[in-house]
Amino acid sequence: MTTIPPYIHPSACVAPGAVLGAGVRVGPFAVVEEGAELGDGVRVRAHAVVHGSATLGAGAVVGVHAVVGGDPQDLRFDARLATRAVLGPGTVLGEGATVHRSTGREPTRTGSDCLLMGNTHVGHDCVLGDGVVVSQLSALGGHVRVGDHAVIGGGSGVVQWVRIGRLAMVGAMTKVERDVLPFTVVDGVPARQRDARPALCPGRRQRRVRPHDARRRRPCRCPRHRHA
């Protein structure tokens, strides 16, 4: 079986210490730093930056002007620490999207087949499950956890340390200050639960979640995240 060699545009800057898998394509004026790891079939579009702290799973796409593995926006962070950001296989970053590396041992991480649309931001130490969609201009603060196949609407802001459950849906322009239960729909400023009947949740219907699974919902009981 013939292995497809990486293609690097003549204007791109790829450090000798970067690890490129088979079939990787690096577009015009893109930058891939030493220490970066790109799996098979990764696409790095024009003017994108993949820092040395980034690991990209097979088939991931880094859009135009997107940045993966940048330093955390944390005033206490020591930039000398060797932390990482990991994109799961098949994850797509839209134009101008940013994913920052972590502040500790565990990397900032997305699951497989996530879609981070244009100008979205995933802060340090966030962990996203599989199939998560973050729409345009949304931002996740540090240490946010997002469950599998959750959807975050455009222009939303998620406060640090918040947890968003599996198959939850966050409406556009929503300010999320508290945990969001699985299988529910929230929107507003601040966010309020709009769908109290999980059996009718669009995400549940699309994923064919069984009704008794949707009823297994437990809020976070810590004082900071107690639900109204």
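Just above sits the structure.
A few points on the structure. (Residues numbered from 1 in each chain as written. Predicted model: local features only at pLDDT ≥ 70, side-chain atom pairs only at ≥ 80, totals over all residues. Heavy atoms only, no water.)

**Structural notes on the overall build of the protein chain**
And then number 1: A tally of helices and strands in the protein chain yields two helices and 28 strands.
And then number 2: Counting across all 228 residues of the protein chain, residues that qualify as buried make up 46%.
And then number 3: Counting only contacts in the protein chain whose residues sit at least 6 apart along the sequence, the fraction spanning at least 24 positions is 21%.
And then number 4: Surface exposure of the protein chain reaches about 11500 Å², of which carbon and sulfur atoms provide 53%. (Helix = DSSP H or I, 4+ residues; strand = E, 2+ residues; numbered from the N terminus. Buried < 20%, exposed > 50% of the residue type's maximum accessible area, 1.4 Å probe, protein only. Contact = heavy atoms within 4.5 Å. Areas by Shrake-Rupley, 256 points an atom, 1.4 Å probe, with all protein chains shown as cover.)

**Some thoughts on the side chain of Ser53**
And then number 1: Mapped onto the fold, Ser53 is located in the loop between strand E8 (49-50) and strand E9 (54-56).
And then number 2: At 2.7 Å, the side chain of Ser53 forms a polar contact with the backbone oxygen of Gly69.
And then number 3: Apart from the residues within four sequence positions on either side, Ser53 is in contact with Gly69, Thr83, Arg84, Ala85 and Arg101. (Polar contact = N/O pair within 3.5 Å; in protein donor to acceptor, adjacent residues only side chain to side chain.)

**Some remarks on the sheet that holds strand E26 (residues 175-176)**
And then number 1: As summarised here, the arrangement of the nine strands in space is E2-E5-E8-E11-E14-E17-E20-E23-E26, forming an open sheet in which the pairing is parallel. Edge positions in the open sheet fall to strand E2 (13-14) and E26, since each of these has one partner strand only.
And then number 2: As paired strands, strand E23 (residues 157-158) and E26 are joined by two bridges and run parallel to one another. Looking at E26, one finds that Val158 is bridged to Val176. (Pairing = 2+ DSSP bridges.)

**Quick notes on the pattern of salt bridges**
And then number 1: The tally for this structure, following the rule as stated, stands at five salt bridges.
And then number 2: For the salt bridge of Lys175 with Glu177, the shortest nitrogen-to-oxygen distance reads 3.5 Å.
And then number 3: Asp187 serves as the salt-bridge partner of Arg194, at 2.5 Å between the closest nitrogen and oxygen.
And then number 4: The exposure class assigned to Arg194 is exposed, which follows from its relative accessible area of 53%.
And then number 5: For Asp187, a relative accessible area of 30% corresponds to the partly exposed category. (Salt bridge = Lys/Arg side-chain N within 4 Å of Asp/Glu carboxyl O.)

Purely spatial values, then, with no claim about function.
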